[in-house]
Amino acid sequence: MREVVIVAIAATVGNVLVGWDSSTIAGGMSYIKKEFKLETDPTLEGLIMSTSFLTGTVVTIFSGTVSDMLGRRPMLIAASTMFFLSGLVMLWAPNVTVVLLSRLLNGIALALAITLTPLYISEIAPPDIRGTLNTLPQFSCSGGMFLAYIMVFSLSLVDSPSWRAMLAVVSIPSVAYFFLAVFYLPESPPWLVSKGRVTEAKKVLQRLRDTEDVSGELALLAEGMSPAGESTTVEEYIVTPAGDLMANKEAGRDCIKLYGPNQAGVSMVAQQVSGQGSMVFRSTLALPRQGSIVAQAANLKDPLVNLFGSVHDINPPPLDSGGSRAMLMGDTYSTDNLHAPLLSSQSSAMERDKAFGFKDALGTGNNDGNQVPKNTDIGGGWKLVYKSAESGSKEKGLQRVYLRADPNAVSSQQDSFAEGYDLNADSSEAFQASALVSQSVLCPKNMNMKPENAAKRTGFGGLSDIGVRRALVVGVGLQLLQQAAGINGFLYYAPQILDQAGVGALLSNFGISSTSASLLVNIITTFAMLPCIATSMRLMDVAGRRSIMLYTIPILIASLMVLMLRDLFHMSATLNAIVTAVSVLVYESCFVMGLGAIPNILCSEIFPTSVRGICISICSLTFWISILIVTSSFPFLLKLLGISGVIGLFVIGCISAWIFVYLKVPETKGMPLEVIIDFFAIGAKPE
């Protein structure tokens, strides 16, 4: 996975520049005010600070739609160009008008980097490390802030610091960002598949995964163009060694065949469990077992949360072994070649570009038996396999099956189905598996159908799908509550809070000015963020996104309560300054672990490829508008309620965020994007 990690790190250079910019403008604003005599014109001062936010809000409206049209990579290139130009303009800046122009260009760059970097990383990363890699933007942003504060602090110690040089330095790393985006970063494979450019997507995946056989993931990307429909079912399976059941073929029945990596042939087979309808199994996923239907109905959690939680359940419900077990495979298709690579090396260029409409790719032609792929893994313990529709089904043709074994049932088997993604044909034990079954894009009745035509709806029309609407509730809600928790109030006004607590006076004993003391506190705070984000990065794909937020938000509440109630205790000035500084430090450090990073990660995971850019734009627009509301209303609220009253509002925001996460936000760790999308689609449908 080395290559995909390097690509993800290269993509987050833009987020380093985001953090750098926020710190340098905060540190350089006092010098700009002094040179242009803005002390008597607070409106113009506020306009300089808010121009980037206003521009970012407008750009965000269009960035997702444009990225769906042109691709993710061109937008990252545009971001690097805007960072470079904004630095050059600021270096010249003879008057306030030119400063505003620089901030406008900077706002474009900020919006593109913040909106599209998590989306890009989610689309290139394998499910097993997607959360870790998508925490890199937060780490990079905090790292940029830390480095910038060191520079600004150093310049504040000289007699006449140059604010133009301070703000123009961003042009230097932006050149490196530009060359990385142009010459090193590949285009997103899901976007390429959505445009029918499957040959290019194959090459990118081979580079990122360091393997030749990427047919399984290509098939997954194609299936992701058509999320779960009304006919999608959640089913139960028994997975057993092939030798135990191959005799069923002689009885006129067949089953889904799972091929091992050694290419020796069928390793295991999957059989559907009869006697348990999909609705029954879905209800066991959607609601915990509490005995009665009344008790289940009283559960306040969104069924989506429980549906996703069933995937990560430590002790899933036991499988009923009674009754007959119907086989899955009809005789419509040649099962030996059903999993043949979708992009055969023997195909012509024209046939390869047909991608998922090519007959031989479906195994309905006379493909060479050597074309059986090395594996059917799609990450996170999931398999993508196929079966023919049942004879009585309205949906004729091929059906896709997202299959996942119960990890508890196979955890003791070395190189098992769930652990290591191999198939252990030597084991004599059968184990339980769950599956999502939908009509496949690889459908014989539409042989020439390309992936971009497979999506039910594209553009703004796709927002009407019930699964997309439910995902938007989660994404928009997280972005709103992230700002309601008060982070931007702290980032921009923490120096005032610390100054009122006497932290500046305490540090002045070291012989530095109050401005330098404030900057030094910011250096310490941003430095403390880095190990916290690194810890979050380590836990993101282990504990999960939902768990991290549920555990860190109470710490935010506790630190805010200390800040709100500290005046009720009679403390010395020194102790008051220390308590305030520690509380601010704990709050900001824990925030970046959970609510700071995870909303963007989840927003980049839960939307279908066909509307992912548009949905990300909607969530990002919510983010920018919320920032504008918080930053513009903070001074008014500070005057009206006082610092304790404002912090009390942030406490309410954090409590609301915890309740929302507990009731509405599902766990997505380790799940392929396409499976997440299908879960939202089926979980949002009424039972």
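Residues numbered from 1 in each chain as written. Predicted model: local features only at pLDDT ≥ 70, side-chain atom pairs only at ≥ 80, totals over all residues. Heavy atoms only, no water.

If you look the protein chain up in an unreviewed UniProt entry, it shows as Major facilitator superfamily (MFS) profile domain-containing protein from Phaseolus coccineus. Per UniProt, the comment on the protein chain under Subcellular location (unreviewed entry) is "Membrane". Checking UniProt for the protein chain, the heading Sequence similarities (unreviewed entry) contains the comment "Belongs to the major facilitator superfamily. Sugar transporter (TC 2.A.1.1) family." (UniProt positions renumbered as here; feature names shortened; annotations may be inferred.)

Novice: What should I look at first to understand unusual backbone geometry in this one?
Specialist: Peptide bonds are trans in most cases, and residues, glycine excluded, mostly fall at negative phi. Phi is positive for Ala-93, close to 25°, though the residue is something other than glycine. Positionally, Ala-93 belongs in the loop between α4 (72-92) and α5 (96-124). By relative accessible area, which is 0% here, Ala-93 ends up buried. (Helix = DSSP H or I, 4+ residues; strand = E, 2+ residues; numbered from the N terminus. Buried < 20%, exposed > 50% of the residue type's maximum accessible area, 1.4 Å probe, protein only.)

Novice: Help me understand the pattern of salt bridges, please; the structure alone is not making it clear to me.
Specialist: It is possible for side chains of opposite charge to pair when their charged atoms get near one another. This model, assessed by the stated rule, comprises 15 salt bridges. For Glu-123, the salt bridge goes to Arg-612, with nearest N and O atoms at 2.6 Å. One end of the pair, Glu-123, is in helix α5; the other, Arg-612, is in helix α27 (residues 612-664), and 489 residues separate them in sequence. We note that Glu-123, like Arg-612, is buried. For the salt bridge of Arg-209 with Glu-217, the shortest nitrogen-to-oxygen distance reads 2.8 Å. Linked through salt bridges whose partners overlap, the residues forming this network are Asp-68, Arg-72, Glu-123 and Arg-612. (Salt bridge = Lys/Arg side-chain N within 4 Å of Asp/Glu carboxyl O.)

Novice: Help me out: how do you make sense of the packing of α4 against helix α9 (residues 171-183) in this one?
Specialist: Angle between the axes and distance between the axes: these two values describe a pair of packed helices. At a minimum axis distance of 8 Å, the contact between α4 and α9 shows a crossing angle of 160°. If you check the angle between α4 and α9, you find them roughly antiparallel. Here the hand of the crossing between α4 and α9 comes out left-handed. In this structure, α4 uses Arg-73, Leu-76, Ile-77, Ala-79, Ser-80, Thr-81, Phe-83, Phe-84, Gly-87 and Leu-88 to contact α9, whose residues at the interface are Ser-171, Ser-174, Val-175, Tyr-177, Phe-178, Ala-181 and Val-182. Residue composition of the contact of α4 with α9, by class: 11 nonpolar, 5 polar and 1 charged. (Axes fitted to C-alpha atoms, helices over the stretch in contact; angles between N-to-C directions. Parallel < 35°, antiparallel > 145°, perpendicular 65-115°, else oblique. Left-handed = near helix turned anticlockwise from the far one by under 90°. Contact = heavy atoms within 4.5 Å. Nonpolar A, V, L, I, M, F, W, Y, C, P; charged D, E, K, R; others polar.)

Novice: Can you help me understand the environment of Thr-132 in this one?
Specialist: Along the chain, the position of Thr-132 falls in helix α6 (residues 130-133). With relative accessibility at 22%, the residue Thr-132 sits in the partly exposed group. On a C-alpha basis, the gap between Thr-132 and Ile-601 in space is 9.7 Å, while along the polypeptide they are 469 residues apart. Apart from residues lying up to four places away in sequence, Thr-132 is in contact with Met-537, Met-540 and Asp-541.

Novice: I would appreciate a short explanation of the environment of Ala-79 in the present structure.
Specialist: With respect to the element layout, Ala-79 can be found in helix α4. Using a relative accessible area of 0% as the deciding quantity, one classes Ala-79 as buried. As for Ala-79 and Leu-105, which are separated by 26 residues in sequence, their C-alpha atoms are 9.4 Å apart. Residue contacts for Ala-79: discarding those within four places in its chain leaves Ala-109, Leu-112, Ala-113 and Tyr-177.

Novice: Is there a simple way to think about the side chain of Asn-106 in this case?
Specialist: Positionally, Asn-106 belongs in helix α5. Classification of Asn-106 by relative accessible area gives buried; the value is 2%. Within the structure, Asn-106 has its side chain in polar contact with the side chain of Asp-21 (distance 2.9 Å). Among all residues touching Asn-106, those that are not within four sequence positions of it are Asp-21, Ser-52, Phe-83 and Ser-86. (Polar contact = N/O pair within 3.5 Å; in protein donor to acceptor, adjacent residues only side chain to side chain.)

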